[in-house]
Amino acid sequence: MAATAASSLSYGIGGTQILWVPQGLLEQIVSTHSSYQTHHVDLQHLVNLISCIFQNAAVSSSKGVEQYAQLTDMINKLETVDGMHQALENIRNLSCEMSCCVSTMASSVDETTMQMLRRLKDYSWNAKVVLAMAAFACSVGESSMLVKHRNTDPIAMYVETLKGHRYTTTDFTVLERIGLFKAMIDVANTNLAFLAPSISRIPKEVHSIKDAIACFPTAAYKILRIVLQITSILSKKKDHFESTIQELNVLANEISHINNILQEKLTLCLRDAEKCTYEDITKRITKISISEFIDKIMHYVRIQGFENLRNKHLFFLISDLDISIDEIKVLNWLYQRNDQMYEIVWLPIIDLSTSYDVKRFWELKQLMKWSVAVEPTRVEADVVEFVKKEWHFIRQAIAVSMTSAGEVVCQNALPMLWTWGNTAFPFSDKTEQILWNSIDERHGWKLDLVLDDFIVPELRSWIENRTTFVCLFGGGDISWIQEFTEKVKYAAYAAGVTLKLVYVGKNKAKLGLSKTDLSRDINVIESEFRWRFWTKLESILHAKIRHGKTTTAYKTDVVIHEALKVVGHGGKGESWAVFSMGPDPMVTTDGETGLTIMSNYLNWRQDTTGLRFLEGVKHYKEVISRDVHGCIKVHLPVLGRVPGIMVCPDCSKVMDMFYTYRCCDE
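Below you will find a few notes about this structure. Only a predicted model underlies this, so the values are computations on that prediction, with no experimental measurement involved.

Below, the discussion takes up the overall build of the protein chain. Within the protein chain one finds 28 helices and ten strands. Looking at the protein chain as a whole, 51% of its 666 residues qualify as buried. Considering only residue pairs separated by 6 or more positions, the protein chain has 72% of its internal contacts joining residues 24 or more positions apart. For the protein chain, the accessible surface area stands at approximately 31200 Å², while carbon and sulfur atoms represent 51% of it.

Structure follows, in structure tokens:
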């Protein structure tokens, strides 16, 4: 709508004239708004609470505790909503500003409206309306409470007198009867609807969303101004109140007309949202460069105001909302022990063509000890496209390691973090190569490579005590476990060594047996510790694949051979065992072979007691395993790129590779 030189506001009810303002005023309104909305909060809980307050206020008398049960539940839920603490503080300040306005001259309404807009500058225009309604509901709720208890509680009467309230007991029922409360709730719900993911993913150049965005500033201004006018009218004493019913009715109609205009625009936006599939969105995307991508990521970081990220090495965790709780717990543990060498920033990626689980997002965010760049719906479509095409993000979480200067040193540093922990900092390919070069390929299959003090706090003492025999095993066959552990206990006792039995389940997806299923002398690794063990093994394999160890060094690299066996058996839920003693290389067996070795201990025990026990296990395994080949099947998650050729650790044949599509863990 073209602006004219008119010097006063027009409140004509026909068409969209009610949203018209002079150009100069429009510029002032827009100037109160920050271009970076840094405050985001789920406002649905707040709208529910506003509605409940209005309903209770419209009841002519107090009905006791039962009346407030719903309110209590809503208030408790507010405390769990991320960002709500700041929103509630803003609501309290708005309520105070409203009170100050009504105590001064009517000419201050415009000035107070602008002041309220400036206070809410970091929220979207739609959120401003919801917060203003909440501030009004706060005042209504307080006044209603005083009115209902003035005859039963002297303190209520005293507070009412001090605050200058002079409402009759029918004031709020009048507001309900003329439809004022309903108009306010309707316009709050409409503004809330514009914040839905389905609307936010519509490209800004689409006409419907462009048209809606254009009217948001004046709509927000007009609604806030009307709320202030209503507050001023309600502050008048009883003898003046009766003559203002008509004025309140006019204001209620104005809110309804504004809401009708917004509703029409919302309908058009919803229609385009249904048409706007992910493919439609990606067609509009211009391919961005790595530097532009980093600039956009850092923009998200800046608008969130994370001062602690300045001049820091950043670790961008990129995942969807299916990232496992165990993965977050393990990463929390490593992050809190990194001596401030790096900071983690989560970039949540969702399917732009569908809505997302808001509750799940906030649950994950609260678990994380690090920063979240931005809410999922605010990640731009070209950023999502870049991550998927250039960095091969599919479903499994990846982590991009970036120096303080903005240089990407690794497109997925998670495997090296899972394998080496914080020792891998600064998470570059060069650092990883140095770490692997320090491991003897022929003799590097040792206990401290697959375990750490996060999984087993006693690990170091086990390794240092050379007479401690550690047996890791897995699988879900309880009869095999009972027989196997019985034979291992007997053999260890006969050999004069201290035995440590450690059960690590089937794999990270299949939990296996619990402590209650096994004997008390077995260390059962559970939850995030088990996830850590299996992910560590998978990460070792990913590293070996990336460094070309699957074909060129299959005869000499014992580490990849043995890791393949454990992951292969674990992936199928089969029984397996790994034997370790002190700092010596471990011995890996399938379940049947491990049971045979321990069952036949008396046949090979000569000269294998004490420190030579593991050597005897290894020798006897070689004797009974000649010309025996067990088929290996390995399932590895795709972390960025599809793995290359793999060679069987037993027969040295090139293994077949298949694609597996799985929606969730088994």
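The rest of the description comes next.
Where burial is concerned, most of strand S6 (residues 468–474) is hidden: seven out of the seven residues are buried. Burial of S6 is two-sided: the residues Thr468, Val470, Leu472 and Gly474 facing one way and the residues Phe469, Cys471 and Phe473 facing the other way are all buried. With six bridges joining them, S6 and strand S7 (residues 498–503) adopt parallel strand pairing. Counterpart to Thr468 in the pairing with S7 is Thr498.

Take the pattern of salt bridges next. Using the criterion set out here, one finds 14 salt bridges in the structure. Arg532 is the partner of Asp452 in a salt bridge, and the nearest nitrogen-oxygen pair spans 2.6 Å. Of the two residues, Asp452 is situated in the loop between helix H21 (447–450) and helix H22 (459–464) and Arg532 in helix H24 (residues 527–546); the sequence distance between them amounts to 80 residues. With relative accessibility at 11%, the residue Asp452 sits in the buried group. With relative accessibility at 3%, the residue Arg532 sits in the buried group. The residue Glu615 makes a salt bridge to Arg612 at a minimum N-O spacing of 3.5 Å. Using a relative accessible area of 41% as the deciding quantity, one classes Arg612 as partly exposed.

With 18 residues, helix H23 (residues 478–495) should reach 26 Å at 1.5 Å per residue; the first-to-last C-alpha distance of 25 Å fits that figure. All of the buried residues in H23 are Trp480, Ile481, Phe484, Thr485, Val488, Ala491, Ala492 and Ala495. For H23, the angular spread of the buried residues around the axis is 130°, confining them to a single face. Opposite the buried face of H23, at more than 90 degrees from it, the exposed residues are Glu486 and Tyr493.

The two faces of a sheet get side chains in turn, since along a regular strand they alternate between them. The buried fraction of strand S2 (residues 342–348) is high, at seven of seven residues. The two faces of S2 match: Tyr342, Ile344, Trp346 and Pro348 on one face and Glu343, Val345 and Leu347 on the other face are all buried. Pairing analysis gives seven bridges linking strand S1 (residues 313–319) to S2, with the strands arranged parallel. In the sheet register, Ile318 faces S2, and the bridge partner there is Leu347. Tracing the backbone out of S1, into helix H16 (residues 325–335) and back to the parallel element S2 gives a crossover that is right-handed. Note: S2 against strand S3 (residues 371–372), two bridges, orientation parallel. Along S3, the bridge assignment pairs Trp346 with Val372.

Ranked by size, the top nonpolar core spans 79 residues in total, and within it Phe54, Leu131, Phe136, Leu180, Phe181, Met184 and Ile230 carry the most contacts. By residue number, the principal contributor to this core is helix H11 (residues 207–234), which donates 15 residues. Those residues within four positions of Phe181 in sequence are excluded, and the remaining contacts are Phe54, Ala57, Ala58, Phe136, Val140, Phe172, Leu175 and Glu176.

Another point: the sheet that holds S7. The strand order S8-S7-S6-S9-S10 describes an open sheet built from five strands, whose pairing is mixed. In the strand order of this sheet, the two ends are held by strand S8 (522–524) and strand S10 (587–590), each with one partner. Averaged over all pairs of adjacent strands, the angle between their axes in this sheet comes to 20°, without regard to strand direction. When S7 meets S8, the two strands line up parallel, connected through three bridges. Paired with Val502 across the bridge in S8 is Asn523.

Here we come to the sheet that holds strand S4 (residues 398–402). A sheet is described by the order of its strands in space; here five strands give the open sequence S3-S2-S1-S4-S5, paired in mixed fashion. The open sheet has two free edges, formed respectively by S3 and strand S5 (408–410), since each of these has just one partner strand. Contacts from H16 reach S1 and S2 within the one sheet, and its direction differs from that of S2 by about 155°.

Definitions and cut-offs
Within every chain, residues take consecutive numbers counted from 1 along the sequence as written. With the structure being a predicted model, the display of local features is reserved for residues of pLDDT at least 70 and the display and counting of side-chain atom pairs for 80 or more, all residues being used for whole-chain, interface and lining totals. With hydrogens and water set aside, each side-chain value is computed from the structure's full complement of heavy atoms. To qualify as a helix, a DSSP run of H or I must reach at least 4 residues; to qualify as a strand, a run of E must reach at least 2; elements of each kind are numbered from the N terminus. The rule is simple: take the accessible area with a 1.4 Å probe, protein chains only, and divide by the maximum for that residue type; under 20% is buried, over 50% is exposed, in between is partly exposed. Working rule for contacts: check all heavy atoms of both residues, and any pair within 4.5 Å makes them a contact. All accessibility values rest on the Shrake-Rupley procedure with a 1.4 Å probe; residue burial counts only the protein chains present in the view. Pairing between strands requires that DSSP locate at least two bridges from one strand to the other. A pairing counts as a salt bridge when a side-chain nitrogen of Lys or Arg comes within 4 Å of a carboxyl oxygen of Asp or Glu. Multiply 1.5 Å by the residue count of a helix minus one, and that product is the helix's expected span. By definition, the arc is the one covered by directions from the helix axis to the C-beta atoms. Seen with its strands pointing away from the viewer, a crossover is right-handed if its path from the first strand over the helix to the second goes clockwise. Here, the term nonpolar core denotes a set of buried Ala, Val, Leu, Ile, Met, Phe, Trp, Tyr and Cys residues that are joined through side-chain atoms within 4.5 Å. Fitted lines through C-alpha atoms serve as axes, helices being fitted only where they are in contact, and the angles separating the N-to-C directions of these axes extend from 0 to 180 degrees.

Read these as spatial facts, not as claims about activity.
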